[in-house]
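# Chain and residue survey
This is what each chain is made of:
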Amino acid sequence: MLSIAVACTTPAIIATQSIQQGDRMNNENRYEEAIRHYEEYLKVSPQLGLYRNPSQEADVSRKLAHAYSTQGKYRESFSYLKKALAIDSTISANTLEVIDDYRELGVVKAYMGDYPEAMRYLNKSLSRNEGMDKSAKDIKKTSLADTYLSLAQVHLTLGNFKDADDFGRKALAIYANIPDETAGLIECNLLLGIVHRDRGNLEEAIKNLTASEEISRQQALNTARQHQALGEVYFLQGESEKGIRHKMLAIGQAEKSQIKPQMVMMYMRMGDAYQKLGDPVKAEYFYQKAISIKLNMDADTLGFIPSANMRFADAQKAYHYYSKSGATMGTALVSLRLGELRAQNTHLDSALIMFSTAYEAFKKAGSNEGMAKADLEMAKIYSRKKNYSLATKHLAKAEALTVQPDLAWQIKLRKGAIEESIGLFDSAYQSYKKAIVIIDNMRGNISIEEFKTLFANAKVEVYDRLILLLLNNKINGLTAEQSVREAFGYNEQSRSRTFLDMLGNKKIEPKDIADTALLEKEQLLRLKIQQLAKQQNVSDDVQTERLIAEELERTYREFDHVISSIKLNNPAYSTVINVEPPAIGDIQQSLDASTAIVEYWMSDESLIIWVLTKDEISSKTVPVNKKDLQRLLKGCRNGISFQDINMTQKSLKQLHELLISPIKEKISGYKNLVIIPHRSLHFLPYQALLSDKNSFLVEEFFITYAPASSIFYYCQQRQTKPGAAFLGMALADLTIGKHTSLPGTKAEVNLLSQLYTEFESKYGASCEETYIKNNIQKFDYVHIATHGIFNEQEPVYSYLLMSPTEQDDGKLTVREIFALDIKSRFVTLSACETALGELSEGDELVGLSRAFIYAGSAAVLVSLWKVEDSSTALLMTRFHQYMNSGSTAAQALCLAQRDLIHKKMDTPANRNFRSVDVSKLTSSINIKTIDNPFFWAPFILVGNGHVK
């Protein structure tokens, strides 16, 4: 029942209030509420009798059309514009309102992808605008300029850059002579900037786009489209981080405006950016965000479906759509995509047809960069067909067209590959070097670590080809030794650069920014992650646990997006410098006479091994296919995991033959080996490699690992303070969710604590994440015995499991470890698979070991597979006994491993060991199998093995 007040409200009052409330909601970007109020007015208006105002109804219909358009509901928008036109046409056939109606109908039809109809309506508007440029009234001039601008925008969408440019300049000339005409200046500069961008005039594009953005910002207007366009320009210039920064600003502005089609486009373009950077996980995150919004839009008329099909569904459907619609750029882009897909499937002739189609479409549109990309792809195909003459011609055309560094380095790479194939080795050498110069210049524009890692992934092929070419000794003017040294230098230059930069720069607190909204969002997401993690720990229902895991994964992705936004908004990152790897001579000078660095490079068809000592550098090329080597590695790890001693020994001998035998003479006489693996070799226990005399490598050498020689050099330079304070943390008998207790870890930490006079031991519930965060900086030796969990999808959320508190969820993640301040000589992670992490083509391993080194530890002791409690406790006890007797960390670990191999369970009387009772451990161990690598070989020392 209506209240008396409502029941007595007259239609006139309701009409007035509805318009006022609709306008207010519209101004606040609350479009769905605005629609409700405007439609309420149109329902009431017929009841006004003599006071009914058709002109106002038309105006409200136009407002409704705009509001529906912001929500991607173009059918409703079109319908209301038709109503407005019907009303306005009865008043006068040539009023400005009629012209506006035709213009807006054309714009909506363009949004719907019906370009012929869009042009028909816009031409009707233009015919009624005729002569208005000579009018004394600014409102008429503005109407003509608006029509020119709309025509320019449709021509831009179709890829008709010349027409878009002509109409855009006509519109700008009119707007520029109308006082206070900011909206037109904003739109014209935006349009002309995009035209310049797509034609390859990048400096001009930046000028126009920046002008548009500045005017919009001064007027407190939405700047999403300007930032999106600027992001694309900076990507073309090879400044990917700057491009991402602008794209994130675009997303923020679109989300604030709540204009759904704009949000969809910004998410799609960000997905494209991450796809181009080589991060399909983040790309999928943004594509899914776009898809979740389009479900409530007229997606079938929006042109969203063909756009989505082109990216990750059915490119052929998108091709038919764009070809039929007459959208030149759409046709060009989808043809390029189809060519790439067909090339991947080795349908080379079909791929050539699509690339040629793309080229012609780009040419028609006037897109030099598009033509260059198509030429580059055709050159790749002709190279695969060994038609080097045609390939070279296409590369020359591409090089003449492009100003894009990301294309330029690829052109140099492909040119070098052709020159190498036809025996022009000196020319190939120069081409590869030029490609690397371009890559280094691009890399210099990146300051944030995740973008550096993504950047490095796609560039490895250049280094790979140059290294192999140098080691073939076919470059005139270079001696064999010079070739080896130069190849080693490029190898170092390609790997672990992101980690080296992190170590070489001061730590930055990402939260030192002024954007409080971002910080608040970060805090809310952090709390949500903790809450979900705690729910996951206590859940005993499979279905509920799955739902929590999915929500946690989504929240991780959102959190990563916010963290990236915070970093991009932090001015401190502009001070980050790119750290160059130390010179080979400096690395050599840091070595003592008993140490040799053995560095590996895994190529497709061969394995390269460098041996670097204080006095010389040498290399050996082993003819082994990468796939064969990876198969051996997998077999080795499987044999160890299944404790199949025959399978294990066979694979370890085969790997010894490939990895050690070729350099046996070079490393004989040295006591210490620093192993620098490459790619999947990071997951191999070199200490367990078995010679033909059935001796393990650890029986001959003291072994340390490092991601790169430059990282080892850096770890050696790190100063460690004197002291012997020990912190032991053990999960012990605490069960957390599906993670079982580890009762053996209590005995392990208890034994180790007896070896130190100053110690702190935390077991079970007291093994808190909060405690280690607040106190780790106090200790010289840190030992953590718990579960280590690797997150394959999100490596920075791999974690060490601990007891949760009110402040923390009990999952000490890689991201959180990076933020710690560690003063210890080394950290031991006596847990399962703690050395594992995400391995990229750029050799940037994101894992727990590198996180602890970055946080301050000189070295980290980590495991390569799931460990057994008793043998691990015995190994760790013996390791710390050797440390206490004066051995270095590398010596202590290797000596402890030798003791298990030779079944020396008792404390040697001739050593100055602190005695502890290990009888309970030895009684629970099968002495007959203790020499199996599964028990003694899981642990490796990463970093500076000389610490004591």
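A quick note: this is a predicted structure, and the numbers were derived from the prediction, not measured.

Criteria and cut-off values
Residues numbered from 1 in each chain as written. Predicted model: local features only at pLDDT ≥ 70, side-chain atom pairs only at ≥ 80, totals over all residues. Heavy atoms only, no water. Helix = DSSP H or I, 4+ residues; strand = E, 2+ residues; numbered from the N terminus. Contact = heavy atoms within 4.5 Å. Areas by Shrake-Rupley, 256 points an atom, 1.4 Å probe, with all protein chains shown as cover. Buried < 20%, exposed > 50% of the residue type's maximum accessible area, 1.4 Å probe, protein only. Phe/Tyr/Trp six-rings, centres within 6.5 Å; stacked < 30°, edge-to-face > 60°. Core = buried A, V, L, I, M, F, W, Y, C linked by side-chain atoms within 4.5 Å. Axes fitted to C-alpha atoms, helices over the stretch in contact; angles between N-to-C directions. Parallel < 35°, antiparallel > 145°, perpendicular 65-115°, else oblique. Left-handed = near helix turned anticlockwise from the far one by under 90°. Nonpolar A, V, L, I, M, F, W, Y, C, P; charged D, E, K, R; others polar. Pairing = 2+ DSSP bridges. Salt bridge = Lys/Arg side-chain N within 4 Å of Asp/Glu carboxyl O. Expected span 1.5 Å × (residues − 1). Polar contact = N/O pair within 3.5 Å; in protein donor to acceptor, adjacent residues only side chain to side chain. pLDDT = per-residue confidence, 0-100.

## Examining the overall build of the protein
Each helix and strand in the protein was counted, giving 43 helices and 16 strands. In terms of overall dimensions, the protein has C-alpha extents of about 115 × 80 × 45 Å along its principal axes. When contacts within the protein are restricted to residue pairs at least 6 apart in sequence, those whose partners lie at least 24 apart make up 70%. Carbon and sulfur atoms provide 51% of the accessible area of the protein, an area that totals close to 38,900 Å².

## Quick notes on the side chain of His394
Among the structural elements, His394 can be located in helix α22 (residues 388–401). Judged by relative accessible area, which is 12%, His394 ranks as buried. Those residues within four positions of His394 in sequence are excluded, and the remaining contacts are Asp375, Met378, Ala379 and Tyr382.

## A short note on the packing of aromatic side chains
Evaluated as defined, the whole model comprises 18 aromatic pairs. Taken together, a centroid distance of 5.2 Å and an interplanar angle of 35° make the contact between Tyr74 and Tyr111 tilted. Placement of the pair is Tyr74 in helix α5 (residues 74–91) and Tyr111 in helix α6 (residues 96–111), with a sequence separation of 37 residues. Residue Tyr74 is classed as buried on the basis of its relative accessible area, which comes to 2%.

## Quick notes on the nonpolar core
Within the largest apolar cluster, 118 residues are counted, with the highest numbers of intra-cluster contacts made by Tyr600, Leu607, Leu659, Leu681, Tyr686 and Phe852. Of the residues forming this core, the biggest block, nine residues, is contributed by helix α41 (residues 889–901). Phe161, Leu192, Leu348 and Ala358 belong to the second largest nonpolar core, which has 69 residues in total.

## A look at the packing of helix α19 (residues 328–344) against helix α20 (residues 348–365)
At a closest axis distance of 8 Å, the pairing of α19 and α20 adopts a crossing angle of 160°. Compared by their axis directions, α19 and α20 come out roughly antiparallel. Between α19 and α20 the crossing geometry is left-handed. Facing α19, whose interface residues are Thr328, Met329, Ala332, Leu333, Ser335, Leu336, Leu338, Gly339, Glu340, Arg342 and Ala343, α20 presents Leu348, Ser350, Ala351, Met354, Phe355, Thr357, Ala358, Ala361, Phe362, Lys364 and Ala365. The class makeup of the residues in the contact of α19 with α20 is 14 nonpolar, five polar and three charged.

## Quick look at the pairing of strand β2 (residues 607–612)
In terms of burial, β2 is largely enclosed, as six of its six residues are buried. Burial along β2 is two-sided: the residues Leu607, Ile609 and Val611 and Ile608, Trp610 and Leu612 are all buried. Relative to β2, strand β1 (residues 595–602) is paired through six bridges, and the arrangement is antiparallel. Looking across to β2, one finds that Val598 is bridged to Val611. Once β1 ends, the chain turns through four residues before running back antiparallel as β2. Strand direction decides the pairing type here: β2 and strand β3 (residues 617–622), joined by six bridges, are antiparallel.

## Thoughts on the sheet that holds strand β9 (residues 788–789)
Taken in spatial order, the three strands of this open sheet run β9-β10-β11, and their pairing is antiparallel. The open sheet has two free edges, formed respectively by β9 and β11 (811–813), since each of these has just one partner strand. As judged from the three bridges shared by strand β10 (residues 799–801) and β11, these two strands associate in the antiparallel manner. In the sheet register, Tyr799 faces β11, and the bridge partner there is Thr813.

## Re the environment of Lys521
Along the chain, Lys521 falls in helix α29 (residues 516–538). Sequence separation between Lys521 and Ser125 is 396 residues; the distance between their C-alpha atoms is 46 Å. Every residue in contact with Lys521, bar those within four places of it in the chain, is listed here: Glu558 and Val562.

## With respect to the pattern of salt bridges
One pass over the full model with this rule turns up 51 salt bridges. The salt bridge partner of Glu420 is Arg465, with a shortest N-O separation of 4.0 Å. Of the two residues, Glu420 is situated in helix α23 (residues 405–421) and Arg465 in helix α26 (residues 460–471); the sequence distance between them amounts to 45 residues. In this structure Arg465 comes out as partly exposed when scored by relative accessible area, which is 27%. Bridged by salt links that share partners, the residues Arg24, Glu28, Arg30 and Glu33 form one connected network.

## Overview of helix α32 (residues 626–642)
Between its first and last C-alpha, α32 extends 24 Å over 17 residues, near the 24 Å set by a 1.5 Å rise per residue. For α32, the complete set of buried residues consists of Lys626, Leu629, Leu632, Leu633, Gly635, Cys636, Gly639 and Ile640. The inward-facing, buried residues of α32 contact β1, β2, α33 (645–659) and α43 (933–936). Sitting at the amino-terminal end of α32 is Asn625, which places a side-chain oxygen 2.7 Å from the backbone nitrogen of Lys627. Just downstream of α32 lies Gln643, where phi reads positive at about 55°.

## A look at the confidence of the model for the protein
With 94% of its residues at a pLDDT of 70 or more, the protein shows a mean pLDDT of 88. Overall, residues 1–7 carries pLDDT values under 50, and its contacts beyond four positions in sequence, including any with other chains, amount to one contact.

## What about unusual backbone geometry?
Phi is positive for Asn473, which is not a glycine, with a value near 55°. Its place among the elements puts Asn473 in the loop between α26 and α27 (480–494). The backbone of Asn694 shows a phi angle near 65°, a positive value even though the residue is not glycine. Within the secondary structure layout, Asn694 lies in the loop between β4 (672–676) and β5 (702–705). Among the residues examined, Asn694 registers a relative accessible area of 48% and is labelled partly exposed.

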